[in-house]
Amino acid sequence: MPVWPQVAEELRRRLDDGQYPAGERFPAVNDLAAELDVAPSTVQKAVAALREEGRLYTVLGQGSFVKGDG
């Protein structure tokens, strides 16, 4: 089983717990990769999944942000 779904689930849990508040910048891929001890490409796939789910959005040149309920 690929690792990225497990990483995505951990990031979902953190979002649900409010660790990353709505409107705030989401941690950088490389920072999360180092923290979770996985490859950056693994985190990129997890972040892409969260973006597809509507949990995150990306601003070109600024990074990913946590999407609010509204």
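What you see is a predicted model, and the numbers here were worked out from it, not measured in a lab. Every chain is numbered independently, its residues counted from 1 as its sequence is written. Only residues with pLDDT of at least 70 are given local features in this predicted model, and only at 80 or more are side-chain atom pairs given and counted; all residues enter the totals for whole chains, interfaces and linings. Note that water and hydrogens are dropped before the side-chain values are worked out from all heavy atoms of the structure.

**Overview of the packing of aromatic side chains**
Stacked, tilted and edge-to-face pairs are distinguished by plane angle, under 30 degrees for stacked and over 60 for edge-to-face with tilted covering the rest, among Phe, Tyr and Trp rings (Trp via its six-membered ring) whose centres lie within 6.5 Å. Enumeration according to the criterion identifies 2 aromatic pairs in this entry. Judged by centre distance (4.9 Å) and plane angle (70°), the rings of Y20 and F26 are edge-to-face. For the pair Y20 and F26, a shared accessibility class is recorded, and that class is buried. Both rings, one in Y57 and one in F65, keep their centres 5.7 Å apart while their planes meet at 25°; by these two values the pair is stacked. Per-residue accessibility, obtained with a 1.4 Å probe over protein chains only, is compared with the maximum for each type, and a residue is labelled buried under 20%, exposed over 50%, and partly exposed between these values.

**Digging into the nonpolar core**
Nine residue types can take part in a nonpolar core, namely buried Ala, Val, Leu, Ile, Met, Phe, Trp, Tyr and Cys, and a core is a set of them joined through side-chain atoms within 4.5 Å. One finds L11, F26 and V43 to be the most contacted residues of the largest nonpolar core, which totals 15 residues. Every element with two or more residues in this core is listed here: α1 (4-16), α2 (29-36) and α3 (40-52). Residues count as neighbours in contact if any of their non-hydrogen atoms are within 4.5 Å of one another. In contact with L11, other than residues within four places in its own chain, are F26, L32, A46, V47 and L50. Where helices and strands are cited, they refer to DSSP runs of H or I of at least four residues and of E of at least two residues respectively, numbered from the N terminus.

**What to know about the environment of A39**
Note that A39 resides in the loop between α2 and α3. By relative accessible area, which is 36% here, A39 ends up partly exposed. With 36 residues separating them in the primary sequence, A39 and V3 have C-alpha atoms 9.6 Å apart.

**Thoughts on the layout of surface pockets**
Using a probe with the size of a water molecule, rolled over the atoms, empty space left in the structure can be pinpointed. Throughout, the protein atoms alone are placed on a 1 Å grid, and a set of points is a cavity if a 1.4 Å probe fits but cannot get out or a pocket if it is open with protein on both sides within 12 Å along at least five of seven lines; lining residues have an atom within 4 Å of a point. Grid points are joined across faces, edges and corners, and a volume is the space filled by probe spheres set on the points. There is about 160 Å³ of room inside the largest pocket. Surrounding the largest pocket, R25, F26, P27, A28, V29, Q44, V47, A48, R51, G63 and S64 form its lining. Among the secondary structure elements, those contributing two or more residues to the lining of the largest pocket are α3 and β2 (63-66). The element contributing the most residues to the lining of the largest pocket is α3, with 4 residues.

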